[in-house]
Amino acid sequence: MKTDASARVKQTKGGNKMRTYLYCEAGFVEKAQWLPNSWVNVVCPNNDDFEFLTQTLNVPESFLNDIADTDERPRTDTEGNWLLTILRIPVVNKQNGSLPFDTVPIGIITNNEIIVSVCYHNTDLLPDFIEHTRRKGIVVRNKLDLIFRLIYSSAVWFLKYLKQINIDISAAEKELERSIRNEDLLRLMRLQKTLVYFNTSIRGNEVMIGKLRTIFQDTDYLDTELVEDVIIELKQALNTVNIYSDILTGTMDAFASIISNNVNTIMDNLLKKKTMRHVQILTGVRRCGKSTVFKLLINDLLQSGVSGKSILVLNLDDPQFIPFWDDSSKLFGVIENAERLTGEKVKFLFLDEVQHLCDWEIFIKSAYDTEIFEKIYITGSNSQLLQNRFSALLS
């Protein structure tokens, strides 16, 4: 979906806005005002930047709209004597709970004497690239040189972030070796999704090299050695992405098998005891799969001919049960209401996250002593509470 550039300006109003005029001497040197053949670098443009680009430099507004689209793919476009080149570059994603890294579009807009880059996101790449040209005394001869060197820099930063991703993968694997938690699996899934975005963006940038070579093939802009260096660096980044993707896929498949085996083992143990009138306790950290085991147990009961009306599941994590947390005896009323509605007695009682109930163990002991229920299953996130207090009460 296309984003209007002026609307995007409002969205980035709180960001670090910056418009710099850079002239290449021995590396890019910042100037106080625009000069012909200088590079205008615009990051997180504000209304003044937008007006300067469209009114002073006559940059096509449609180009700015295209760059504002966060999903824009690498491509070229022309309007009059203007050329738009869109690349995708890697960035650190600082939003909590989201992907650790992402890719965003950067647009390089050029004509005979104007070179403009526009990016609606703060990145590490651009300031590092400018500093690198100064440190190495690199002379950027023309607009095509600048585009190719930015592609090269993107490959370098893809590789830098891939090293960090590899460290994150190793850290998540170590956590999973100690205890398989949903949070660590979701962390690996986010890293896997990041690698997919990296792969797509690098391939898109790779395609751009061929297009630019075709556009500038009859000019003296093309630096063959630079192009070869860019291709090599991009291929290295792409190969690294593919290697890490294969490793991560294998890791997740292995842990999926472990989880499946663990669930099967737990289910076998529980099913062996389902005819015993014991209170069955499932403990573990939050989101480790306790509720999933409940569902499997209920499914087994239904398949063995047990009426669904005789099964009652109460998720005590649900806000509607908050009034019951301070007086667990009120749950007997909930059970009676359920029996009135179904017309059948509850024989199998499932209580999820029972630790919310004050003096929950007294309620469980009372329910057990009635001998009404054929089986009571409970889960809790505090294993010490469940193991010690309940066992003491029954002794």
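Along each chain, residue indices are assigned from 1 in the same order as the chain's sequence is written. Only residues with pLDDT of at least 70 get local features here, since the model is predicted, and only at 80 or more are side-chain atom pairs given and counted; chain-wide, interface and lining totals rely on the full set of residues. No hydrogens and no water enter the side-chain calculation; it runs on all heavy atoms of the structure.

> Honestly, the overall build of the chain in this entry has me stumped. Any pointers?
For the chain, the helix and strand inventory stands at 11 helices and 11 strands. Only protein chains enter the accessibility calculation, which uses a 1.4 Å probe; a residue is then buried when its area is under 20% of its type maximum, exposed when over 50%, and partly exposed in between. Looking at the 395 residues of the chain, the share that counts as buried comes to 45%. When contacts within the chain are restricted to residue pairs at least 6 apart in sequence, those whose partners lie at least 24 apart make up 70%. In this text, helices come from DSSP runs of H or I with a minimum length of four residues, and strands from runs of E with a minimum of two, each type numbered from the N-terminal end. Residues count as neighbours in contact if any of their non-hydrogen atoms are within 4.5 Å of one another.

> Hey, could you run me through the sheet that holds strand 7 (residues 115-119) in this one?
The strands that make up a sheet pair up through hydrogen bonds in the backbone, lying either parallel or antiparallel. Strands sit in the order 2-1-3-7-6-5-4 across an open sheet of seven strands; the sheet is mixed. With partners counted over all chains shown, the strands left at the sheet margins are strand 2 (27-31) and strand 4 (75-79), one partner each. On average, each strand axis in the sheet is tilted by 30° relative to the strand beside it, whichever way the strands run. Pairing between strands is defined by DSSP: at least two bridges between them are needed. Here five bridges tie strand 1 (residues 18-25) to strand 2, and the two strands are oriented antiparallel to one another. Only the stretch in contact is used when a helix axis is fitted, and all axes are lines through C-alpha atoms; the angle between N-to-C directions ranges over 0 to 180 degrees.

> So what exactly am I meant to see when it comes to the nonpolar core here?
When a protein is soluble and globular, its nonpolar side chains tend to lie buried together. With 60 residues, the main nonpolar core has F28, W39, F148 and I151 as its most contacted residues. Among residues more than four places away in sequence, those in contact with F148 are I209, L212, R213, L222, L226, V227 and V230. To qualify as a nonpolar core, a set must consist of buried Ala, Val, Leu, Ile, Met, Phe, Trp, Tyr and Cys residues joined through side-chain atoms within 4.5 Å. In terms of nonpolar packing, the next biggest core, distinct from the first, is built from 22 residues, L331, A338, W360 and F363 among them.

> Could you clarify how one ought to interpret the sheet that holds strand 11 (residues 375-380) in this entry?
The strand order across the open sheet formed by four strands is 8-11-10-9, and the pairing between neighbours is parallel. Looking at the sheet topology across the chains shown, the edges are occupied by strand 8 (279-283) and strand 9 (311-315). Sheet twist, expressed as the mean angle between neighbouring strand axes with direction ignored, is 10°. Pairing between strand 9 and strand 10 (residues 348-352): five bridges, direction parallel. Considered in strand 10, the bridge of L314 is made with L351. Strands strand 8, strand 10 and strand 11 of the sheet are contacted by helix 10 (residues 360-369), whose axis makes an angle of about 170° with strand 11.

> Would you mind going over helix 3 (residues 61-68) with me for this structure?
Structural remark: α-helix, 3.6 residues per turn; residues separated by three or four positions point the same way. Of all eight residues in helix 3, six are buried, a share of seventy percent or more. Listed in full, the buried residues belonging to helix 3 are F63, L64, N65, D66, I67 and A68.

> Please explain the layout of surface pockets as it appears in this structure.
To locate leftover empty space, one rolls a probe as large as a water molecule over the atoms. Using only the protein atoms, space was sampled on a 1 Å grid; points where a 1.4 Å probe fits but cannot get out form cavities, open sets with protein on both sides within 12 Å along at least five of seven lines form pockets, and lining residues are those with an atom within 4 Å of a point. Grid points are joined across faces, edges and corners, and a volume is the space filled by probe spheres set on the points. Taken as a whole, the largest pocket holds about 820 Å³ of empty space. Contributing to the lining of the largest pocket are 37 residues, with V91, T103, V104, H121 and N122 lying nearest its centre. Those elements giving two or more residues to the lining of the largest pocket turn out to be strand 1, strand 3 (39-43), strand 5 (82-92), strand 6 (101-110), helix 4 (125-136) and helix 6 (182-215). With five residues, the top contributor of residues to the lining of the largest pocket is helix 4.

> Looking at this structure, I do not really get a positive patch on the surface. What am I missing?
For patch building, the residue pool is restricted to those with more than 30% relative accessible area and no salt bridge; the joining distance is 9 Å between like charges and 5 Å between nonpolar side chains (Val, Leu, Ile, Met, Phe, Trp, Tyr). Computed by Shrake-Rupley with a 1.4 Å probe, the accessible areas treat only the displayed protein chains as cover when residues are assessed. Throughout this description, the term salt bridge denotes a Lys or Arg side-chain nitrogen within 4 Å of a carboxyl oxygen of Asp or Glu. None of His or the chain ends enter the tally, which takes Lys and Arg as positive and Asp and Glu as negative. A charged residue contributes its charge at one atom only: NZ of Lys, CZ of Arg, CG of Asp or CD of Glu. Taken together, the side chains of R135, K136, K160 and K163 present a region of like positive charge at the surface. Of all the secondary structure elements, the ones that give two or more residues to the positive patch are helix 4 and helix 5 (143-178). Position of K160 relative to the elements: it lies in helix 5.

> Even after reading the chapter, I still don't get helix 9 (residues 331-342), so can you show me in this structure?
Between its first and last C-alpha, helix 9 extends 17 Å over 12 residues, near the 16 Å set by a 1.5 Å rise per residue. All of the buried residues along helix 9 are L331, V334, I335, A338 and E339. Mapping the buried residues of helix 9 onto a view down its axis gives an arc of 135°, with all of them on the same face. Contacts from the buried residues of helix 9 go to strand 9, strand 10 and helix 10. G343 occupies a position one or two residues after helix 9 and carries a positive phi of about 80°. To estimate the expected span of a helix, count its residues, drop one, and scale the result by 1.5 Å. The directions from the helix axis to the C-beta atoms form the arc being described.

> What's the story with unusual backbone geometry in this structure? I'm lost.
It is generally the case that most residues other than glycine have a negative phi and that most peptide bonds are trans. Positioned with a positive phi, N37 is a non-glycine residue whose angle comes to about 70°. Within the fold, N37 resides in the loop between strand 2 and strand 3. For N58, which is not a glycine, the phi torsion comes out positive at approximately 60°. Structurally, the position occupied by N58 is in the loop between helix 2 (47-56) and helix 3.

> Even after reading the chapter, I still don't get the packing of aromatic side chains, so can you show me in this structure?
For any pair of aromatic rings, geometry is given as the distance between the ring centres together with the angle between the planes. Centres within 6.5 Å make a pair out of two Phe, Tyr or Trp rings, where for Trp the six-membered ring is used; the pair is then stacked when the planes are under 30 degrees apart, edge-to-face when over 60, and tilted otherwise. Counted according to the given criterion, the structure contains 11 aromatic pairs. Residues F28 and F129 carry aromatic rings whose centres are separated by 6.3 Å and whose planes lie at 45° to one another, so their mutual orientation is tilted. You can see F28 sitting in strand 2 and its partner F129 sitting in helix 4, a full 101 residues away along the chain. F129 matches F28 in its accessibility class, with the two residues each being buried. Note on F158 and F198: the rings are 4.9 Å apart at their centroids and 75° apart in plane angle, and the pair reads as edge-to-face. With a gap of 40 residues between them, F158 in helix 5 and F198 in helix 6 connect regions that are remote in the sequence. You'll find F158 and F198 in the same group, each marked buried.

> I would appreciate a short explanation of the side chain of T133 in the present structure.
You can see T133 is positioned in helix 4. Within 3.5 Å is the distance limit for a polar contact, defined as a pair of N or O atoms, with the added protein rule that one can donate a hydrogen and the other accept it, and that residues adjacent in sequence qualify only through two side-chain atoms. A polar contact is formed between the side chain of T133 and the backbone nitrogen of F28, at a distance of 3.2 Å.

> Would you explain the packing of helix 9 against helix 10 in this entry?
Relative orientation and spacing of two packed helices are given, respectively, by the angle between their axes and the distance between those axes. At a closest axis distance of 11 Å, the pairing of helix 9 and helix 10 adopts a crossing angle of 45°. Of the possible angle classes, the one that applies to helix 9 and helix 10 is oblique. For the pair helix 9 and helix 10, the contacting residues are L331, F332 and I335 in the first and F363, S366 and A367 in the second. For this classification, the nonpolar set comprises Ala, Val, Leu, Ile, Met, Phe, Trp, Tyr, Cys and Pro, the charged set comprises Asp, Glu, Lys and Arg, and every other residue, Gly included, is treated as polar. Residue composition of the contact of helix 9 with helix 10, by class: five nonpolar, one polar and no charged. With respect to orientation, any angle under 35 degrees is reported as roughly parallel, any angle over 145 as roughly antiparallel, any angle of 65 to 115 as roughly perpendicular, and every other angle as oblique.

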